[in-house]
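Topology and contacts: notes
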Amino acid sequence: MNAGTTTRCGSWILIVLAMCGAAPRAEAMDPHALYEQRCVRCHAAHAGTFVPEALERRGDQIVGRKTGRDLRSFLADGHGKLKPPEIDVMVDHLESILRSGALFRRKCLICHERAVVVARRWLIVREGKLIGRYSGRAMDTFLQNHGRLEGAEIELMLGVLTRQLATN
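Residues numbered from 1 in each chain as written. Predicted model: local features only at pLDDT ≥ 70, side-chain atom pairs only at ≥ 80, totals over all residues. Heavy atoms only, no water.

**A word on the pattern of salt bridges**
Between side chains of opposite charge, pairing is possible as soon as their charged atoms come close. Condition: A pair is scored as a salt bridge if a Lys or Arg side-chain nitrogen falls within 4 Å of a carboxyl oxygen belonging to Asp or Glu. Helix and strand definitions here come from DSSP, where helices need a minimum of 4 consecutive H or I residues and strands a minimum of 2 consecutive E residues; each element is numbered from the N-terminal end. Exposure classes here rest on a 1.4 Å probe applied to the protein chains alone. A residue is buried below 20% of its type maximum, exposed above 50%, and partly exposed in between.
Inspection of every chain in the model, using the stated rule, returns 12 salt bridges. Residue Asp140 is joined to Lys129 by a salt bridge in which the shortest nitrogen-to-oxygen separation is 3.4 Å. Placement of the pair is Asp140 in helix α8 (residues 139–142) and Lys129 in strand β4 (residues 129–132), with a sequence separation of 11 residues. Assessed through its relative accessible area of 27%, Asp140 is described here as partly exposed. The partly exposed category is assigned to Lys129, whose relative accessible area is 39%. Among the charged side chains, a network of salt bridges with common partners joins Glu56, Arg58 and Arg65.

**Here's the deal with unusual backbone geometry**
With a phi close to 50 degrees, Glu127 is a non-glycine residue in the positive phi region. As for its position among the elements, Glu127 is in the loop between β3 (123–126) and β4.

**With respect to helix α3 (residues 47–54)**
The cut-off we apply is this: Throughout, the arc means the angular range of directions from the helix axis out to the C-beta atoms. Contact between two residues is taken to exist if any of their heavy atoms lie within 4.5 Å; hydrogens are not considered.
Residues of α3 that are buried include every one of Ala47, Phe50 and Val51, and no others. Along α3, the residues classed as buried sweep out an arc of 100 degrees about the axis, all on the same side. Against α2 (31–38), β1 (55–58) and α5 (84–99) lie the buried residues of α3.

**Looking at the nonpolar core**
Looking at soluble globular proteins, one finds that nonpolar side chains tend to be buried together. Spelled out, the test is: Side-chain atoms within 4.5 Å are what join buried Ala, Val, Leu, Ile, Met, Phe, Trp, Tyr and Cys residues into a set we call a nonpolar core.
Core analysis: the largest hydrophobic core is formed by 18 residues, its most contacted members being Leu55, Leu71, Leu75, Met90 and Leu94. The greatest single-element share of this core, amounting to six residues, is contributed by α5. Discounting residues that sit within four places of it in the chain, Leu75 has contacts with Leu82, Ile87, Met90 and Val91.

Structure representation (structure tokens):
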């Protein structure tokens, strides 16, 4: 079975589940694809650009910089026409970008493609460690001398990249 067949089979499984009344689990959704399907008509092409421009943390909430409205309730009121499981995925995705301080955008985007592309093309998780898919190098060691990352940024970047693989 080739990759195209696997993708088609996966799509059919989701269709069958939906027909039977079973919604796909939130963690099965790709937040990047969801953002690109539902948000880019009105917002930045990628969430990594959108978040630092449009969102901020106030206390324990993520709010719109202009509106001051809580992100979750704003989406629940129909913005983007997201279903409840999609809202969970989107809020988690946007919050993770905000939590990282858009680190990848600030330190890596100058030389690399988006974090999702770098992670899914070049990295894998093996035995709980993020490693180069082809080089076999441990990223925790590699990042100590790469990308102008300092101290806690390395651990944060490992989390950013690992998350890209987990949401695939």
